[in-house]
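# Structural features, examined
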Amino acid sequence: MENIDFEKIGRFSKAGPRYTSYPTAIEFKDSDEVREEYIKELKTLKTPLSLYFHLPFCRSACYFCGCNVLYTSKAEKRLRYIDYLKMEMDILKKYLDTNREVIQLHFGGGTPTFFTADELSEIIGYIKTTFTNFSDKAEISCEIDPRYLDEEQIQVLTKNGFNRISFGVQDFDEKVQTAVHRIQPFNVVEDSVKLARKYGISSINIDLIYGLPFQTLETFKQTLELSKKLNPDRFAIFNYAHVPWLMKTMRKIDEHTLPEPTEKLKILKYTIDYLNDNGYKMIGMDHFAKPDDELFLAIEKGELHRNFQGYTTKGGTQLVGIGLTSIGDGERYYIQNLKDMKSYEESISQGKLPIFRGVKLSDDDKIRKDVIMELMSNFKLNISRFEENHQVKFFEYFKDEVVNLKQFIDNDILTIDKNSIEISFTGSMIIRNIAMIFDGYMKKHSESKKVFSKTI
Ligand SMILES: C[S@@+](CC[C@H](N)C(=O)[O-])C[C@H]1O[C@@H](n2cnc3c(N)ncnc32)[C@H](O)[C@@H]1O
Ligand code: SF4
């Protein structure tokens, strides 16, 4: 593996988006026009569907959590939420052909397994009667907090075709776990992973986060060793996004205990080497998979895609988000559901889709989205394919951007010629910084630090 000058690339650390969408969510506007046009688009698209259900509840707060979560332990809140999810699906049926093929279904959270086995069964049952055309090859996945998974729940999931599970592990070190308020011993995680395997889940992913309080290269080495024992098919290794101005619980973390960018880069470099030596290949920005995994095969063909759930082989779908705060991704629109429960319920009770804010993509947005997603996914851009798809001359359209890439060329972070942009191994670690060059909204935000998390 390449030697990396950590000091040098550590200097690139600055605030920047993670590009699960482009334009990013801060460009989403509360607009009647966007909502109306999105609904029109829902009626016209014919592409296969990818469904995302947000199940927002958790029992207690992990201080690092950046997800949209409601903390509760009340059963009546869950039951009430199920009723509203069903009503939301009924409303959707008016605007969307729910016989379109579904090739992806994802339960995210919060903690989906905060719902009991019977409750999960009821939700899935309603989804299957609403969306009647599930592909035999559909990818059906669920995020699971290993502290909350029992045998009945996994039975319900596997009986209903769930074939992928993503476990939130984050870190195994006790001091780190205490600092982030998430005590989760190894045996708890191991038992959950065994349970999933026992019922035939064919793809298991483990989420880890680097950049958490008290983490060092040494502690993270231990976390990796333990995680490897679980033999997951994939790893997602997230860079901790610290945005305490947005997430109250993050204010409980003492910023002095967070590792410095150079330590984080060492952790990342070690992680990449370690996983590579142990049979995993790096996929896009923060994912790793075994070489026979379809994600890896997709990257080989340059066909990897990025969306709100991370990386996927399933491009060209329409993502429909259902439940509080969910985001949909159509041909020309991103749209997000309401974020507070009261307005979400009110909208549904009035028979209206609970959509709230979104953005219509201009031609320029679509062009930039394509470049950014391609770089974030495949670490290269095929310029002739890009020009063919968009009917624009790359070097004319991105005259200023190409000049701005010089800082990366000079640091051996990327190469560019008339055919392609290729990102080096070192460059893959700061891929967000490179993508930011092509972000048409960046200038507007460069004044304000308090928008995005740090890239390193
Ligand atoms: C919705 S959460 C996970 C589901 C489940 N509740 C759990 O915690 O196991 C999805 C993943 O996002 C990641 N995550 C959450 N907050 C994050 C943050 N601030 N920065 C980076 N990754 C984060 C965690 O790795 C987490 O497992
Ligand atoms: S990390 Fe998972 S369990 Fe923890 S608060 Fe966030 S969604 Fe809930």
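In what follows, the accompanying structure is described. (Residues numbered from 1 in each chain as written. Chains lettered and ligands numbered in written order. Predicted model: local features only at pLDDT ≥ 70, side-chain atom pairs only at ≥ 80, totals over all residues. Heavy atoms only, no water.)

### Considerations on the site of ligand 1
Close to ligand 1 lie 20 residues; Phe64, Gly110, Gln170, Arg182 and Asp207 are nearest. Note that a nitrogen atom of ligand 1 is positioned 2.8 Å from one of the backbone N or O atoms of Phe64. With respect to ligand 1, the side chain of Thr111 contributes an N or O atom lying 3.2 Å from a nitrogen atom. Protein contacts shield 89% of the accessible area of ligand 1, which totals 560 Å² for the unbound molecule. When contributions to the shell around ligand 1 are tallied by element, the ones reaching two or more residues are β5 (134–144), β6 (164–170), β7 (203–210) and β8 (234–239). For the shell around ligand 1, the per-class residue count stands at nine nonpolar, seven polar and four charged. (Near = heavy atom within 4 Å. Polar contact = N/O pair within 3.5 Å; in protein donor to acceptor, adjacent residues only side chain to side chain. Areas by Shrake-Rupley, 256 points an atom, 1.4 Å probe, with all protein chains shown as cover. Helix = DSSP H or I, 4+ residues; strand = E, 2+ residues; numbered from the N terminus. Nonpolar A, V, L, I, M, F, W, Y, C, P; charged D, E, K, R; others polar.)

### Concerning the packing of helix α3 (residues 75–95) against helix α4 (residues 117–130)
How two helices pack is summed up by the angle between their axes together with the distance between the axes. In contact at an axis separation of 10 Å, α3 and α4 are set at 5° when each is read in the N-to-C sense. Classified by the interaxial angle, the pair formed by α3 and α4 is roughly parallel. In this structure, α3 uses Arg78, Leu79, Ile82, Leu85, Lys86, Met89, Asp90 and Lys93 to contact α4, whose residues at the interface are Glu119, Glu122, Ile123, Tyr126, Ile127 and Thr130. (Axes fitted to C-alpha atoms, helices over the stretch in contact; angles between N-to-C directions. Parallel < 35°, antiparallel > 145°, perpendicular 65-115°, else oblique. Contact = heavy atoms within 4.5 Å.)

### A look at the packing of aromatic side chains
This model, assessed by the stated rule, comprises 19 aromatic pairs. With a centroid separation of 6.3 Å and an interplanar angle of 50°, the aromatic rings of Phe57 and Phe114 are classed as tilted. Of the two residues, Phe57 is situated in strand β2 (residues 57–58) and Phe114 in the loop between β4 (102–109) and α4; the sequence distance between them amounts to 57 residues. For Phe57, a relative accessible area of 1% gives the class buried. Through pairs of rings, three or more aromatic residues link up here, namely Phe386, Phe394, Phe395, Tyr397, Phe398 and Phe438. Over the aromatic face of Phe134 sits the side chain of Lys128, whose NZ or CZ is 5.3 Å from the ring centroid. (Phe/Tyr/Trp six-rings, centres within 6.5 Å; stacked < 30°, edge-to-face > 60°. Buried < 20%, exposed > 50% of the residue type's maximum accessible area, 1.4 Å probe, protein only. Lys NZ or Arg CZ within 6 Å of the ring centre and 35° of its normal.)

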